[in-house]
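Analysis of the macromolecular model
One-letter residues, chain by chain:
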Amino acid sequence: MKIYLSIFFMFFGFLTFAQEIITDTIKATDLKDVVITATRTEKNIMKLPVPIIRITADDIKNRGIVRLNEILAEQTGLTIVSDHGQGIQMQGFDPQYTMIMIDGEPVIGRTSGTLELSRITMANIDKIEIVKGPTSSLYGSEAMAGVINIITVKPKDGFRASVATRYGTNNKADISLDASYKNEKISLSAFVNRNSSSGYSLIENSSSPTVVPFSGYTGNIKVGYQINKKSDLNLSVRYYNNLQKNDYVIDNRLVLGDGKESNLNINPTYNINFNAKVKSSLRLYYSRYATKSALNYQDDQTVYDDSYFTQNFSRAEFQTDYSLLNNLKLTGGIGAQYETVKATRYDQLESFNSGYGYFQADYTPLIKLNIIAGGRYDMHSVYKSQFSPKLAASYQLLNNLTFLTSVGKGYKAPDFRQLYLNFTNAVVGYSVFGYEDLAAKLLDLQNARQIQSILINPNSLQRLNAESSLSYNAGFRYAVTPKVKVSVNLFKNNIKNLISTVIIATKTNGQSVFSYLNIDRVSTQGVETDISYAPIKVFQISVGFQYLDAYNRDDVDRIKNGKVYMRDPNTNETKLVKLSDYGGLLNRSKYMANAAIAYNNAKDGVFASLRAIYRGKYGVSDLDGNGMVNMDSEYVKGYTLFNASVSKLLIKDRLRLQFSVDNVFDYKNINFISNLPGRLFYGGLTYSIK
Amino acid sequence: MKSIRKITIGLVLGLLIMAFASCKKDSDTAPVVKADLKVNKVNDLHPPLDAISGLPKGTVYYSLALNKEVKSTEAWDISFSTTTIATSGSVQLADGIFSSYTTAPTSGYVVGNVANWYTYTGTTSVPNHAIFPVSGKIILIKTTDSKYAKVEMISYYKGNPNTSTAAFADLATRPASSYYTFQFAYQADGTTNLK
């Protein structure tokens, strides 16, 4: 494999050489475009040495999109996967490995590692920046696959206000109101959004809906004060809550009750420019995420579920940027974090303390060569300290052709759930214990004579450590002509110490005791490419593609050693699994693609688009009990979704009328894809005062 | 235009190389072992049929020594009742291909039921709510008179059906369960040879 990769890179090297002969004088057009997420400083997108996707507010509006999951689903190399909520899969990583941020601060509140993306509204968004590849060198844990930073609108001069509405199938309604004011000294903005739905059932006349009715609110108030020419003070307070009306059948009994979810973020920042070369910022962040669920059986009003979960996250961070030389910019920061969780399934309030420092040098030794070197050191109260370095370089071979490459380390800390969550399923009888509590809990069960045999002695285990990855990215951005743009990125991620659920002991009731261990080694590798073509100014065609190979290296070894068996479904005979039968990691599609045709005529105020999203077949189950995907019936069939939207601006562009259809051909897979409700029609109306 | 062609060729070649590199070589299949013992295959063994439902109900007992179904009051080696497999002696599971598993271990046997011999496909899989014997699991039995035997479960459904068909996936047309198809080899001489 390595040989082929090096041949591939050599081939690119040759291509580089071949290109030097061709003289081309086309200039990159988007020179003013800056990206902040990849380096924590403002940086020109064309020079950035790491793969990046930038989504503008116009992209979102023109597509008639209102929630984060909808827009991410249409990006190359990203796919929405459902596991305790809709999360993002990036470069073949599960949702728990991508950090989601709002204005540079992490969003908390994950369930089994998944952050529900539909929680985040797309109203009042300025842009979304998606950095692929490990970014732990700046952001620490969780940024192993990459980061998604949602950047909200900053108030513009004068008074502005707008109202935006969208309504459609399943009574899905989204309403936003916002107003802002800014003068030389002060800026103020307020924003509120309501998102609701009556839910839906994939199975007709089912007594348990696939998605139950819900209504959620998001509010955001921002205040900014320009103290003097050099410094400013800002405060953002954001609040989200969601109410879910549960109503479903468990064992032929109706269960009713509310599920509540809330998230509060408070984020004061202070920025100061000491002089043209030095500037600093102090950022404070507090976030609280809470859920509460109270469900009762309808017949006798006994309790089915009464549980809560509360997570608190506090952080102080100080960063300084120093332009040492014209071509050398240094960035350094330090921070401290305090996190707690208290919940029904935790025995007591659990807490983490951590401190960190990061450093980055952005060096341009030649006009065309940019090198960024950096690293972050994280100290933690529960697991081993982590150092995450990263080195990246871009070389602008021609005005229209830039090569980029990067290598970096990423890590993900064990979370509260893996360390402290203790749970015994009352109906089935299995138990899950967090690593830190395992020994004591197991002893309790032994004393209660509930343990039949211990398979792994907890005292023999190494302390649960962070998962870590070493990743490589390499590719190029090429404006073949002003109308044709191509970008290609090859990636390889080697992850070790993956935390997996393992059986520690068997219970006398025949069930198991589970806990977490650093055991698996997995790899993801592939290539992603985007091509866009704009034959005329108002018309654009774009195509994206990702090839992904994601596998468990230990499973591959087991197959090579002849230790894995399967049953031929036709004859029921047992045979050895071959490598060609191996389907890799669950939920990964080898092939994914998207295509879009957009007509954006600002002069006439007409915007239309048709988008197609293809997701190739992916493994979803292990029917023959050998721990891996190897039979046709263990896959979900590939499918393509089509989304369309058209909008027209009226009254001096103040009024926007919009009509959109998601999933035009009404594709459904009742058994496997619960977050795909079929065809959805929406009508939208937006009015703005500027 | 030349450069476009070069880039295109580069891309296509690159993708081909990636695709080629991801095809891994297959390892060899297990060697064929010539058996000393007779391998017996038992088809559709099932508990007595219920008079009302016409479906298997209760427990069925089998003597490996006699290779026939017996009554609970007679000497039996293995019994089946829904997903519970029990032995009169002691039992353990081993991994391997039935035909190439040649020597029984002398220790490690536990009295009681056979654990983890099947997987249940659950609610959302297709086929759903199905019971499949775990592939590559060999049930090793030490009988009450210290004879060794190996057993492999093949099917839990009547007629040992193809489980990849739509008819099997549909609960309305799926063959009845608690019909056990298995193969076994019994060593009568008391040695651990299971070849």
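To be clear, the structure that these remarks concern was listed above.
This text gives an overview of the structure that appears in the document. Keep in mind it's a predicted model, so treat the numbers as computed, not measured.

This next bit is on helix H6 (residues 438-447) of chain A. All names here are of chain A. Residues of H6 that are buried include every one of Leu438, Leu442 and Leu445, and no others. Down the axis of H6, the buried side of the element spans an arc of 60°, and every buried residue falls inside it. For H6, exposure combined with an orientation more than 90 degrees from the buried face picks out Ala440 and Asn447. If you follow the buried residues of H6, they end up packed against strand E24 (431-432), strand E25 (451-454), strand E27 (484-507) and strand E28 (512-536). A positive phi of about 55° marks arginine 449, the residue just after H6.

To continue, consider the environment of A:Pro482. As for its placement among the helices and strands, A:Pro482 is situated in the loop between strand E26 (467-481) and E27. C-alpha separation for the pair A:Pro482 and A:Glu339, spaced 143 residues apart in sequence, amounts to 49 Å.

For A:Thr574, the location among the structural elements is in strand E31 (residues 574-576). In terms of polar contacts, A:Thr574 uses its side chain to reach the side chain of B:Glu152, at 2.6 Å.

Residue and element names in this part refer to chain A. Although it is not a glycine, asparagine 170 adopts a positive phi angle of roughly 60°. Residue placement: asparagine 170 occurs in the loop between strand E10 (158-168) and strand E11 (172-182). Positive phi, normally seen in glycine, also occurs at arginine 449, with a value near 55°. With respect to the helices and strands, the residue arginine 449 is situated in the loop between H6 and E25.

For the rest of this paragraph, the subject is helix H7 (residues 553-560) of chain A. Residue and element names in this part refer to chain A. Among all positions in H7, only Arg553, Asp555, Val556 and Ile559 are buried. When H7 is viewed along its axis, its buried side chains cluster within an angular range of 160° and face the same direction. Along its buried surface, H7 packs onto E27, E28 and strand E29 (539-552). Looking at where H7 begins, the residue whose side-chain oxygen comes 2.8 Å from the main-chain nitrogen of aspartate 554 is asparagine 552.

The next point concerns the nonpolar core. One finds B:Leu64, B:Phe80, B:Val151, B:Met153 and B:Phe182 to be the most contacted residues of the largest nonpolar core, which totals 37 residues. Per-element accounting of this core gives the leading share, five residues, to strand E10 (residues 148-157) of chain B. Once you skip the residues sitting within four places of it in the chain, B:Val151 turns out to touch B:Leu64, B:Ile78, B:Phe98, B:Lys137, B:Ile138, B:Ile139, B:Ile141, B:Phe182, B:Gln183 and B:Phe184. Of all hydrophobic cores here, the second largest spans 34 residues; its members include A:Leu72, A:Ile150, A:Phe491 and A:Leu548.

Using the criterion set out here, one finds 31 aromatic pairs over all chains in the structure. Look at A:Phe403 and A:Phe476: their rings are 5.8 Å apart centre to centre, the planes differ by 55°, and that puts the pair in the tilted class. With A:Phe403 in strand E22 (residues 401-412) and A:Phe476 in strand E26, this residue pair connects regions lying 73 residues apart in the sequence. There is no split in this pair, since A:Phe403 and A:Phe476 are both buried. Measuring from ring centre to ring centre gives 5.0 Å for A:Tyr639 and A:Tyr667, while their planes differ by 10°; the resulting arrangement is stacked. You can see A:Tyr639 sitting in strand E36 (residues 639-650) and its partner A:Tyr667 sitting in the loop between strand E37 (655-662) and strand E38 (680-689), a full 28 residues away along the chain. Exposure remark for A:Tyr639: the relative accessible area of 11% places this residue in the buried category. An aromatic cluster is defined as three or more aromatic residues linked by ring pairs; in this entry it consists of B:Tyr62, B:Phe80, B:Trp117, B:Tyr118, B:Phe132, B:Tyr156, B:Tyr157, B:Phe168, B:Tyr180, B:Phe182 and B:Phe184. Lying across the ring of A:Phe423, A:Arg345 places its NZ or CZ 3.8 Å from the centre.

Parameters and conventions
- Residues numbered from 1 in each chain as written.
- Chains lettered and ligands numbered in written order.
- Predicted model: local features only at pLDDT ≥ 70, side-chain atom pairs only at ≥ 80, totals over all residues.
- Heavy atoms only, no water.
- Buried < 20%, exposed > 50% of the residue type's maximum accessible area, 1.4 Å probe, protein only.
- Helix = DSSP H or I, 4+ residues; strand = E, 2+ residues; numbered from the N terminus.
- Arc of directions from axis to C-beta.
- Contact = heavy atoms within 4.5 Å.
- Polar contact = N/O pair within 3.5 Å; in protein donor to acceptor, adjacent residues only side chain to side chain.
- Core = buried A, V, L, I, M, F, W, Y, C linked by side-chain atoms within 4.5 Å.
- Phe/Tyr/Trp six-rings, centres within 6.5 Å; stacked < 30°, edge-to-face > 60°.
- Lys NZ or Arg CZ within 6 Å of the ring centre and 35° of its normal.

That's the geometry; what it means functionally is another story.
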